[in-house]
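One-letter residues, chain by chain:
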Amino acid sequence: MSLEPPNTNLQSHPTDDPNIVSTRTRGVGKSDDNTSASEHKSSSSLTTVLIAVGANLIIAIAKTLAAFMTGSASMIAESAHSWADAGNGTLLIVAEKKAVKPADRSHPLGYGKESYVWSMIAAFGVFMAGSIVSIYTGITEWNAAESETNYTIGFIILAIAFVLEGFSLVQAYLQSKKHGEAIDVSAIGYVVDTSNPTLRGVFFEDLAAVIGLVVAAAAMGMHAYTGQPFWDALGSIIVGLLLGAVAIFLISRNRDFLVGHKVSDKMHRYVLGKLLEHPDVDSVSYLHLEWVGPKKIFMVAAVDIAGNQREESLARKFETIENQFRANPLFQEAILTLSVPDAEVLSLESSEAV
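(A) Focus on the overall build of the protein. In terms of regular secondary structure, the protein is built from 10 helices and 4 strands. In sequence order, the secondary structure elements of the protein are arranged as α-α-α-α-α-α-α-α-β-α-β-β-α-β. Classification of the 354 residues of the protein by burial places 50% in the buried group. For the protein, the exposed surface amounts to about 16,100 Å²; the carbon and sulfur share of it is 62%.

In structure tokens:
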């Protein structure tokens, strides 16, 4: 479920006064006045990314030194993994910054989808720099000559990396759990379906890193115990396949949101309920809700306004209701139009996301 706790009161914004009509052109999205709110909203995700990048930089340097000292294929794979994660984290920071730019004439629905573009580039980075390098290293080292091993420094580095990566993963998990509890879904369920690609990217990269560390430690341990170098090579290949699976998943999810991803049925019912609760709305015959950025919805609805009102009065009513939804930080833009006569109306019982 990709939404923030729906606790914003749509009836409590200063522009809700029916005598006040916004001077902002319809369809231009949120104005510069909302930029600070958007930036504040993204701060928790940005903090999560900064923690992950800092941990990955420290770990990458340590793993690289250990890889040179031990010659372990698994350690080489893990060092490539950490450097890739650090680079990807930098791209996710770029995504966070670009996504909060306010809407303008050239981008009337804002720049939220920039986040998915940069997150997809980051996912390609995981696949190219992490998966391919790890698998290639494992294949080339598969038939390596048997040699003496001293992986003490490698095990120490992996243990330190496990603590740091685990800390970063816990931060992402706690953030996901907090949002998930508010809408009655698990932390994993929230991360998978959230419209926030930064949180999803950090969480699954950290999860892959923790699993990869366990695999690398086990592979190095088996090599040291048996003297067979193919165990170390096998660990490198497994780490590469793991990174490839994560990358493909992240690419797929970012693609979903880039091409236009509908909201969940639960969110659809929530918004429909808010419309039907409005005293000026008799019925709703059409409701389109689409993610246009992290936690940013574009809404188009056809409604029947209570009573028989003149065109000028209807325009004011529409603008007032639209402003009430725009005041909710969950909405990037809200556009209303009149329902056609005798149109089939929507109900909460039969509501589905479209």
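(B) A look at the packing of helix H4 (residues 114-140) against helix H7 (residues 197-226). Two elements in contact, H4 and H7, have axes separated by 9 Å at closest approach and are oriented at 15°. With respect to H7, the axis of H4 lies roughly parallel. As for the relative orientation of H4 and H7, their crossing is left-handed in sense. Contacts from Ser 115, Tyr 116, Ser 119 and Val 126 in H4 reach Pro 197, Thr 198 and Glu 205 in H7.

(C) Here's a closer look at the packing of aromatic side chains. This model, assessed by the stated rule, comprises 6 aromatic pairs. Taking the centre distance of 5.1 Å and the plane angle of 15° together, the rings of Tyr 116 and Phe 257 count as stacked. Of this pair, Tyr 116 sits in helix H4 while Phe 257 sits in helix H8 (residues 230-258), and the two are 141 residues apart along the sequence. Judged on exposure class, the residue Tyr 116 and its partner Phe 257 are both buried.

(D) Region of interest: the side chain of Asp 280. Residue position: Asp 280 is located in the loop between helix H9 (265-277) and strand S2 (281-293). Within the structure, the side chain of Asp 280 is placed 3.2 Å from the side chain of Lys 317, a separation counted as a polar contact.

(E) How the structure looks around the pattern of salt bridges. Applying the stated criterion to the full structure yields 9 salt bridges. Salt-bridge contacts for Asp 193 lead to Arg 253; the nearest nitrogen and oxygen are separated by 3.8 Å. Of this pair, Asp 193 sits in helix H6 (residues 187-193) while Arg 253 sits in helix H8, placing them 60 residues apart in sequence. Note on Asp 193: relative accessible area 34%, which makes it partly exposed. Relative accessible area serves as the criterion here: at 10%, Arg 253 is assigned to the buried category. Linking Arg 255 and Asp 256 is a salt bridge whose minimum nitrogen-to-oxygen distance equals 3.8 Å.

(F) Seen up close, H9. In this model, H9 (13 residues) spans 18 Å end to end at C-alpha, consistent with the 18 Å of a helix rising 1.5 Å per residue. Of all the residues in H9, the buried ones are Met 267, His 268, Tyr 270, Val 271, Leu 272, Gly 273 and Leu 275.

(G) Structural view of a nonpolar patch on the surface. A cluster of nonpolar side chains, contributed by Leu 57, Ile 61, Leu 65, Met 69 and Trp 83, occupies part of the molecular surface with about 520 Å² of accessible area. Counting residues per element, the nonpolar patch draws most heavily on helix H2 (residues 43-70), at 4 residues. Looking at the secondary structure, you find Met 69 in helix H2.

(H) Representation of the packing of helix H3 (residues 73-99) against H8 in the model. Interhelical geometry of H3 versus H8 gives an angle of 25° and a closest axis separation of 7 Å. The orientation of H3 relative to H8 falls into the category roughly parallel. Residues Ala 73, Ser 74, Ala 77, Glu 78 and His 81 of H3 form the contact with H8, whose participating residues are Asp 232, Ala 233, Gly 235, Ser 236, Val 239 and Leu 243. A breakdown of the residues in the contact of H3 with H8 according to their chemical character gives 5 nonpolar, 4 polar and 2 charged.

(I) Representation of the sheet that holds strand S4 (residues 331-338). Spatial ordering of the open sheet is given by S1-S2-S3-S4, a layout of 4 strands whose pairing is mixed. Edge strands, defined here as strands with exactly one partner in the open sheet, are strand S1 (261-262) and S4. Where S1 lies against S2, 2 bridges are found, and the strand directions are antiparallel. When the sheet's bridge partners are listed, His 261 is paired in S2 with Trp 291.

Cut-offs applied
Going along each chain's sequence as written, the residues are numbered from 1 onward. In view of the model being predicted, local features appear only for residues whose pLDDT reaches at least 70, and side-chain atom pairs are presented and counted only at 80 or more, with totals across whole chains, interfaces and linings using the full set of residues. To get the side-chain values, take all heavy atoms of the structure and skip hydrogens and water. Secondary structure is summarised from DSSP: a helix means a run of H or I of at least four residues, a strand means a run of E of at least two, and numbering begins at the N terminus for each. Three exposure classes are used, based on accessible area relative to the maximum for each residue type with a 1.4 Å probe and protein chains only: buried under 20%, partly exposed in between, and exposed over 50%. Residue exposure ignores everything except the shown protein chains as possible cover, and the areas themselves are Shrake-Rupley values with a 1.4 Å probe. As a rule, the C-alpha atoms of each element are fitted with a line to give its axis, helices using only the stretch in contact, and angles between N-to-C directions run from 0 to 180 degrees. Small angles under 35 degrees read as roughly parallel and large ones over 145 as roughly antiparallel, with 65 to 115 read as roughly perpendicular and the rest as oblique. Here a crossing is taken to be left-handed if its near helix is turned anticlockwise relative to the far helix by less than a right angle, and right-handed if that turn runs clockwise. Contacts are residue-level and defined by heavy atoms, with any inter-residue pair within 4.5 Å sufficient. For this analysis, a ring pair means two rings from Phe, Tyr or Trp (six-membered ring only for Trp) whose centres lie within 6.5 Å, classed as stacked if their planes differ by under 30 degrees, edge-to-face if by over 60, and tilted for the remaining angles. Within 3.5 Å is the distance limit for a polar contact, defined as a pair of N or O atoms, with the added protein rule that one can donate a hydrogen and the other accept it, and that residues adjacent in sequence qualify only through two side-chain atoms. In the sections that follow, a salt bridge refers to a side-chain nitrogen of Lys or Arg positioned within 4 Å of a carboxyl oxygen of Asp or Glu. By this rule the span expected of a helix is its residue count minus one, scaled by 1.5 Å. By definition, no residue in a patch forms a salt bridge, and every one has over 30% relative accessible area; like charges are joined within 9 Å, nonpolar side chains (Val, Leu, Ile, Met, Phe, Trp, Tyr) within 5 Å. Residue polarity follows a fixed list, in which Ala, Val, Leu, Ile, Met, Phe, Trp, Tyr, Cys and Pro are nonpolar, Asp, Glu, Lys and Arg are charged, and the others, Gly among them, are polar. When DSSP finds two or more bridges between a pair of strands, those strands are recorded as paired.

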